[in-house]
Amino acid sequence: MAAASLSRFLRPDQCAIHLVESAEIGIVGVGEATVPHIRFFNQTLGLDEADFMRKTHATFKLGIEFVNWARIGDSYVHPFGDYGRAYRGVKFHHVWNRLRLAGDDTPLDQYSLPIRAAKQARFAPPMNDPQSLLAGFGYAFQFDATLFAPYLRAYSEQRGVLRTEGRVVDVRLRGEDGFVEALKLASGEEITGDLFIDCSGFFGLLTEKHLRTGYEDWTHWLPCDRAVAVPCESAGPLLPYTRATAHAAGWQWRIPLQHRTGNGYVYSSKFISDDEAAATLMGNLDGKALAEPRLLKFVTGRRKKTWNRNCVAVGLSGGFVEPLESTSIYLIQAAVTHLIEMFPDRNFDPVNVDEYNRVMDVEFDRVRDFIVLHYHATERNDSPLWNHVRTMSIPDSLAYKLELFRERGVVLNYRLGLFYEPSWVAVYVGQRIVPKRFDARLDDVPIDDLRQHADKLRTAIGTATERLPTHADFIARNV
Ligand SMILES: Cc1cc2nc3c(=O)[nH]c(=O)nc-3n(C[C@H](O)[C@H](O)[C@H](O)COP(=O)(O)OP(=O)(O)OC[C@H]3O[C@@H](n4cnc5c(N)ncnc54)[C@H](O)[C@@H]3O)c2cc1C
């Protein structure tokens, strides 16, 4: 992603890009679900959506279903789109809340087109007409990450990126300031450069092993530190969403691709053994396993500085927040986009580097808070993991957001980073955090007017959903 983006935006006469990869080491490759921003990334590269989907066996994604999170038996969807329609400028979730407080028990999900489409395994892209109910949502992709990397490699090479297959065995640092000067490969070749982008995954080869940047560990908030992953045969209708099912010591993902389903159990090694986790995963597959389960270990957190000296850590080398909301690929995209915006000259102005680090810290912190919310806002008390996360202290930034929603139904707004208002509303309400009050502008509105507004929307969304093609049909015709 980094090489592709840089080769698209930097002039080759000003900047030569050299990509070093090692097939012997390989990639993590289990990142399969994304958020809608990936579409903008692909569009800025000029990729053809159908071609990209064919080559990576991708499916469409309208959101994530969370099963058993607040209570065993619960299920809700975090959709990529708004709920209902505002009433005289007041956000729809306040309307829903006023009706709820008056005794109405219609779930918020009923007012979301992407949720209802997802549950019926239907898909069509949003329309351009802002008046249409078929306009207020977005979509992402679920794809085979092991195919996306070579796809972008080919793209990069076509744009002049020089690629070397080889293992980096040593790094030469400059005496006076410790800047990276050259990579030494196992073949004996040396590769020099001005700016180094460390995409070496969990190894953090440049940023940690050689620059000793340091890591902020967030395990106390997000105790899951391992995952076991396995693909299986597809079964049932092709769902346009990812599922995250909470288990006793973590949660299991289910990501439907065109040709198979990706599965994994993300868990805390403090609360379950690797063998038990693998057995739980293998016992909860929809179809026949297509490989042996693969174990991955990680430490949730982020690098103290994702840009240190002349080295920018992008991807897993910069940090990792578990894949509950499919955010890692987004964070790569954010890192690359901000790097292009703040692209340095050979002086590496410290203010440039500081600003980049500030922005990336915010990006990581936003994702962290959102993920911690899913764990902390639970009523589950059936296992040590859930007892831990329910009673743990949380980041102050999240505590404030949570209080604001619980008391007033207000979602804290910000411009930088994920996630936007409908996402927070979905997860708060799905995790059974319902506001005590609604927007005061609804005080004087007769409840029947609000009921009528909501009923009309619910019916219209139902009708619009039923007209959509199935996800499988849409892919068969368009991809
Ligand atoms: C369990 C799990 C589930 C995930 N699920 C999702 C998801 O659903 N959605 C999402 O967005 N993200 C997900 N991710 C994250 C996603 O997998 C990564 O963000 C993505 O794969 C990018 O990884 P990377 O390129 O940083 O590292 P890697 O994939 O580890 O790539 C590292 C690269 O560096 C090279 N390299 C390393 N050391 C050397 C060396 N010494 N010499 C030469 N080359 C070297 C390797 O060859 C490789 O090409 C998940 C991660 C995990 C662990």
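Whatever comes next refers back to the structure up there.
Nothing here was measured: the structure is a model prediction, and the numbers come from that model.

K.L.:
Sorry if this is basic, but what is going on with the sheet that holds strand E12 (residues 226-232) here?
P.N.:
Strands belonging to one sheet form pairs held by backbone hydrogen bonds; the direction of such a pair is parallel or antiparallel. On the basis of which strands lie adjacent, the open sheet formed by seven strands has the order E4-E3-E13-E14-E15-E12-E16 and mixed pairing. Unpaired on one side and paired on the other, strand E4 (75-79) and strand E16 (294-297) mark the two borders of the sheet. Strand-to-strand twist in this sheet, taken as the mean axis angle between neighbours without regard to direction, amounts to 20 degrees. By the bridge criterion, seven bridges tie strand E14 (residues 250-256) to strand E15 (residues 261-267) in an arrangement that is antiparallel. Within E15, the position partnered with Ile-255 by the bridge is Gly-262.

K.L.:
Just checking my understanding: could you explain the site of the ligand for this structure?
P.N.:
The immediate surroundings of the ligand are formed by 29 residues, with Val-28, Ala-33, Val-168, Leu-316 and Ile-329 found nearest. Here an oxygen atom of the ligand sits 3.4 Å away from a polar atom, N or O, in the main chain of Glu-32. Cys-199 places a polar main-chain atom, nitrogen or oxygen, 3.1 Å from an oxygen atom of the ligand. Computed on the free molecule, the ligand has an accessible area of 1000 Å², of which 91% lies beneath the protein chains in the complex. Of the residues contributing to the shell around the ligand, the split by class is 17 nonpolar, nine polar and three charged.

K.L.:
Looking at this structure, I do not really get the packing of helix H3 (residues 49-56) against helix H6 (residues 145-158). What am I missing?
P.N.:
Geometry of a packed helix pair, given as the angle between the helix axes and the separation of the axes. At a minimum axis separation of 8 Å, H3 and H6 run at an interaxial angle of 130 degrees. If you check the angle between H3 and H6, you find them oblique. Contacts from Asp-51, Phe-52, Lys-55 and Thr-56 in H3 reach Leu-147, Phe-148 and Tyr-151 in H6. Of the residues assigned to the contact of H3 with H6, the class counts are four nonpolar, one polar and two charged.

K.L.:
What am I meant to see in the pattern of salt bridges here?
P.N.:
It is possible for side chains bearing opposite charge to pair when their charged atoms get close. Scanning the entire structure with this criterion turns up 35 salt bridges. Between Glu-208 and Arg-303 there is a salt bridge, and its shortest N-O distance comes to 2.7 Å. With a gap of 95 residues between them, Glu-208 in helix H7 (residues 205-210) and Arg-303 in strand E17 (residues 301-303) connect regions that are remote in the sequence. When its relative accessible area of 5% is taken as the criterion, Arg-303 is described as buried. Where Glu-355 meets Arg-358, a salt bridge forms, and the shortest distance between an N and an O atom there is 2.9 Å. You can see Glu-355 and its partner Arg-358 sitting in helix H10 (residues 350-376), three residues apart, about one turn around the helix. A relative accessible area of 28% places Glu-355 in the partly exposed class. Connected via shared salt-bridge partners are Glu-216, Arg-302, Asp-361, Asp-365, Arg-368, Asp-369 and Lys-401.

Calculation notes
Residues numbered from 1 in each chain as written. Predicted model: local features only at pLDDT ≥ 70, side-chain atom pairs only at ≥ 80, totals over all residues. Heavy atoms only, no water. Pairing = 2+ DSSP bridges. Helix = DSSP H or I, 4+ residues; strand = E, 2+ residues; numbered from the N terminus. Axes fitted to C-alpha atoms, helices over the stretch in contact; angles between N-to-C directions. Near = heavy atom within 4 Å. Polar contact = N/O pair within 3.5 Å; in protein donor to acceptor, adjacent residues only side chain to side chain. Areas by Shrake-Rupley, 256 points an atom, 1.4 Å probe, with all protein chains shown as cover. Nonpolar A, V, L, I, M, F, W, Y, C, P; charged D, E, K, R; others polar. Parallel < 35°, antiparallel > 145°, perpendicular 65-115°, else oblique. Contact = heavy atoms within 4.5 Å. Salt bridge = Lys/Arg side-chain N within 4 Å of Asp/Glu carboxyl O. Buried < 20%, exposed > 50% of the residue type's maximum accessible area, 1.4 Å probe, protein only.

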